[in-house]
Amino acid sequence: MGPSPEQIFQETEIIVKPALFLPLLIALLPGLTSLAALPAGAQSTPPAETGEATNPAPDQTSDETPDQTADPRPEMAAIEQAWQRGDYVFVRQGLKRHAEETGTALAQFRYGQVLLQGRGGPRDIDAAIDWLQKAVAQNHVGAMTLLARVYLSSGFEDQDQVPEATRDPEAAAKLLLRAAPLGGAEAQYYLAQLYRSGTGVEQDLATSFTWMLAAARQDHVAAQYELSRIYSRGLGTGQDAGQAIHWLTQAAENGHLRAQYFLAQALELGNGTEKNMSQAIGWYRRAAEGGLPIAQRMLGTHYLAGNGVEQNTDEGLRWLVAAARAGDPGAMSNLGRAYAAGEGVARDDAEAARWYRRAAEYGLGRAMIALGALHETGRGVPQDTDQAIALYRKALETADAGRAMVRLGQLAADGTLDGRVAPQVAIPWALAAAETSDAAALDWLETQAGAGSRAAQAGLAALYLDGDDDARAAKGAALLQAAAQGGDAAAQLRLGQMHMTGTHVALDYVAAHKWFNIAATLGQDAARDLRETASALMTPEQIAEAQSAARRWFAEEEPQPPETRQQQRETPAPERSQ
C-alpha cells in the first residue's frame, strides 16, 4: 500500500500552515510590472469601463494636478508606458484625471490601486478605499477583490497598522461573494480561504473546496497549491494522493516555489508518486534558483553528499552558503556537520563550530547539541563541560529535546552531572537514555530508586511494565508499589488500574478502590470515575474496608510533604464514594 496522501507534504525543518488569507496586502502589489497585470476577472466590468460615466467622481485626494484645461488628458497607453519605465508620478496624475473625468470603473480601480501602493505620491488608504468603492458600484471584479483584501488586512509590511475600523471580514466576504460568481479567480481563492477558516462567513470546508477548485481551474497558482494540500488532507473532500500530486505539479510548473519544493520532496521520498531522484533534483534546483532557502539547503546538501547527483563540493557549498546567508538555520547546521565530519570538504572543527554556533543562535536544537559535543571534547572550541551542559539544557526547549535529554541522561549516568545538577532533576533525562537501552543510565536509575526516589521508581516501573519480559514486569510492579506507597499520585492511579484487572498484580477490588481514592484526593481526576466503577463491583463491606485502608495511609504512611506535590490539602481524609 502506498503512502497516505498527507505524506506528500512531509516537512523538513519548516512549517507550512494553510493560509487563512494574505494578511499583508501590499506585499504582492509591488510585484505588478504592468497596469494590465490585474486579478483574474478584473475586466468583467460594464460598458462604462471604456466609455464616459454620466456622473464623474469628484477629487478624493490631495494629489496636485496640473491645470486640466491646459493639458490634454493622457491616453491610457501613455500611462502604461510610464508605468513600465517607473514614472509613477505621471501614472498617478494620469489615472487621477481618468478616474475623475471619465468615471470608468477601470480608471477608478487602477487609481485606487496606485493610492493603496503609495506609487507616485503618499499612500492614502482612505482615498484608495473610496475610489475602489466607486469601482465596486460599477461591478468591477478586480475592485471588489482588492477592497475585500483591504478589509481582511490587519497591517502592511513595513508600514503602520491599518486603522482598526478598516478591518471588516464580513464586508470582505460580501464583496468576494459578489466577485467569485463573476469569474474572478482571485476572489474565488480568497473566498475559499474564508470558508475554510470561518472568517466573515460560517465555516464550510465543502464550499471552501468548491471555490478553491474553481480558482485552480483558472490557473490561479496559489489556489492550485492550496488545492493540492486540501486533497492531501481531505478537507471538504475525500483524500486523494493522485489529485494532490496533480495540482502540486500544476502549481510547481506555474512557478510556485513551495510547490516546487514539496514536489521535489514527494519525488525524492516516493510520497504519492514514484521515486525519481533526477526529477527531484530538478525541482529542488528550480525552487533554489527562485530563492527558497530550504530548497537551496536541500540542493546543496545533495551535491555535497553526492546523493542523487554527481558529488560537487563547490556546488554544494554554493547553495548551502546561499541558504545560510538567507537565514536558514538548517543550512548552517548542515555546513557545520559537513566540516565536522569531512563530508565533501576537508575536516575543519573550527569552521564546524562557527556554523553550528550560528544555527544555535537561530534556535536550532540539533545545532546546540552538536556544538555542545564539540565543547565536551574541545574540538574546534575550548573544552568546557559546563558550556556543553548549558547548550544541551537549552536544546530541551526545542524540537530536538529528545536527543538533548538522552545526552544529559548519559552524563548523569557517568557522573558528569554530579555536583552540577540535582539527581531528581536528571531523572527524566536518565529515563530517556534508558529507553535507548543505555545500560549505565539504567543502573543509575536503579540506584536512585533504591535510595527512595519516587520519580525514579515510577519511571523505571513504567519502563519495565511496558515490556514483554515477565521478570521485568514483576520488578516494575514492585517499584510501582513503592512509588505509590511513597505518595506518587500517578503511580497510585496506575497501581489501582492494575489491581482492577489483575495485570502483573493480584486482582483486588479493595486495593484498587483504596489507591483510586487516594489518587483522587491527590488530584488525579481520572481516579474519581474509576473509584466509582470499582464501587459498583464491591460489597458495602469491601468499600468500607477500602476506605479504612485509605484513611490509614493518610494517617500513617503519607510522607510530609509529598515529594512531587506542593499544594496544600484542606482535609487530609480521603473522599468517600457514594
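Thresholds, definitions, all that
Residues numbered from 1 in each chain as written. Predicted model: local features only at pLDDT ≥ 70, side-chain atom pairs only at ≥ 80, totals over all residues. Heavy atoms only, no water. Helix = DSSP H or I, 4+ residues; strand = E, 2+ residues; numbered from the N terminus. Buried < 20%, exposed > 50% of the residue type's maximum accessible area, 1.4 Å probe, protein only. Contact = heavy atoms within 4.5 Å. Areas by Shrake-Rupley, 256 points an atom, 1.4 Å probe, with all protein chains shown as cover. Salt bridge = Lys/Arg side-chain N within 4 Å of Asp/Glu carboxyl O. Axes fitted to C-alpha atoms, helices over the stretch in contact; angles between N-to-C directions. Parallel < 35°, antiparallel > 145°, perpendicular 65-115°, else oblique. Left-handed = near helix turned anticlockwise from the far one by under 90°. Nonpolar A, V, L, I, M, F, W, Y, C, P; charged D, E, K, R; others polar. Expected span 1.5 Å × (residues − 1). Phe/Tyr/Trp six-rings, centres within 6.5 Å; stacked < 30°, edge-to-face > 60°.

A. Layout of the overall build of the protein. Per the secondary structure count, the protein includes 27 helices and zero strands. Counting over 578 residues, the protein shows a buried share of 50%. In the protein, 58% of the contacts between residues at least 6 apart in sequence involve partners at least 24 apart. For the protein, the accessible surface area stands at approximately 26000 Å², while carbon and sulfur atoms represent 49% of it.

B. Examining the environment of tryptophan 247 more closely. By secondary structure assignment, the location of tryptophan 247 is in helix H10 (residues 241-253). Along the backbone, tryptophan 247 and leucine 213 are 34 residues apart, and their C-alpha atoms lie at a distance of 9.8 Å. Not counting residues within four places of it along the chain, the set of residues in contact with tryptophan 247 comprises Leu213, Ala216, Arg217, Gln224, Leu227, Ser228 and Tyr231.

C. How the structure looks around the pattern of salt bridges. Under the defined criterion, the tally for this structure stands at 21 salt bridges. Among the salt bridges present, the one from arginine 285 reaches glutamate 289, with a minimum N-O distance of 3.5 Å. Of this pair, arginine 285 and glutamate 289 are both found in helix H12 (residues 277-289), four residues apart, which corresponds to roughly one turn of the helix. A salt bridge links lysine 475 to glutamate 446, with the nearest nitrogen and oxygen atoms 2.9 Å apart. Here lysine 475 is found in helix H23 (residues 470-485), whereas its partner glutamate 446 is found in helix H21 (residues 439-450), with 29 residues between them in sequence. We classify glutamate 446 as partly exposed; its relative accessible area is 23%. Where salt bridges share partners, they join Arg285, Glu289, Glu315 and Arg318 into one cluster.

D. Spotlight on the packing of helix H1 (residues 76-85) against helix H2 (residues 88-101). As a packed pair, H1 and H2 sit with axes 8 Å apart at the nearest point and diverge in direction by 155 degrees. The angle between the axes of H1 and H2 places the two elements in the roughly antiparallel class. In this structure, the crossing between H1 and H2 has a hand that is left-handed. Contacts from Met76, Ala78, Ile79, Ala82 and Trp83 of H1 reach H2 at Tyr88, Phe90, Val91, Gly94, Leu95 and His98. Partitioned by chemical class, the residues of the contact of H1 with H2 number nine nonpolar, two polar and no charged.

E. Helix H22 (residues 454-465), seen in detail. Taking 1.5 Å per residue, twelve residues should reach 16 Å; H22 reaches 16 Å between its end C-alpha atoms and fits that length. Taken together, the buried positions of H22 are Arg454, Ala456, Gln457, Ala458, Gly459, Leu460, Ala461, Tyr464 and Leu465. Packed against the buried residues of H22 are helix H20 (423-434), H21, H23 and helix H24 (489-501).

F. The packing of aromatic side chains, seen in detail. One pass over the full model with this rule turns up seven aromatic pairs. Ring geometry for tyrosine 189 versus tyrosine 190: centroids 5.1 Å apart, planes at 65 degrees, classification edge-to-face. The same class applies to tyrosine 189 and to tyrosine 190, which are both buried. Taking the centre distance of 5.0 Å and the plane angle of 85 degrees together, the rings of tryptophan 553 and phenylalanine 554 count as edge-to-face. Note on accessibility: tryptophan 553 and phenylalanine 554 belong to one class, buried.

G. Broad picture of the environment of alanine 458. Looking at where alanine 458 falls in the secondary structure, it is placed in helix H22. Each C-alpha atom, one on alanine 458 and one on alanine 477, is 9.6 Å from the other, the two residues being 19 residues apart in sequence. Once residues within four sequence positions are removed from consideration, alanine 458 is found in contact with Ala483 and Asp488.

H. Region of interest: unusual backbone geometry. Positioned with a positive phi, asparagine 139 is a non-glycine residue whose angle comes to about 65 degrees. Along the chain, the position of asparagine 139 falls in the loop between helix H4 (125-137) and helix H5 (141-152). Judged by its relative accessible area of 38%, asparagine 139 falls in the partly exposed class. The phi torsion at histidine 504 lies on the positive side, around 65 degrees, for a residue other than glycine. Here histidine 504 is to be found in the loop between H24 and helix H25 (509-521).

I. Spatial organisation of helix H19 (residues 401-413). Here H19 contains 13 residues, and its C-alpha end-to-end distance of 18 Å stays within 8% of the 18 Å for a straight helix at 1.5 Å per residue. Along H19, the residues that are buried comprise Ala401, Ala404, Val406, Leu408, Gly409, Leu411 and Ala412. Looking at the buried positions of H19, the neighbouring elements they touch are helix H17 (365-377), helix H18 (385-395), H20 and H21. Trailing H19 by a residue or two, glycine 415 shows a phi angle of about 90 degrees, which is positive.

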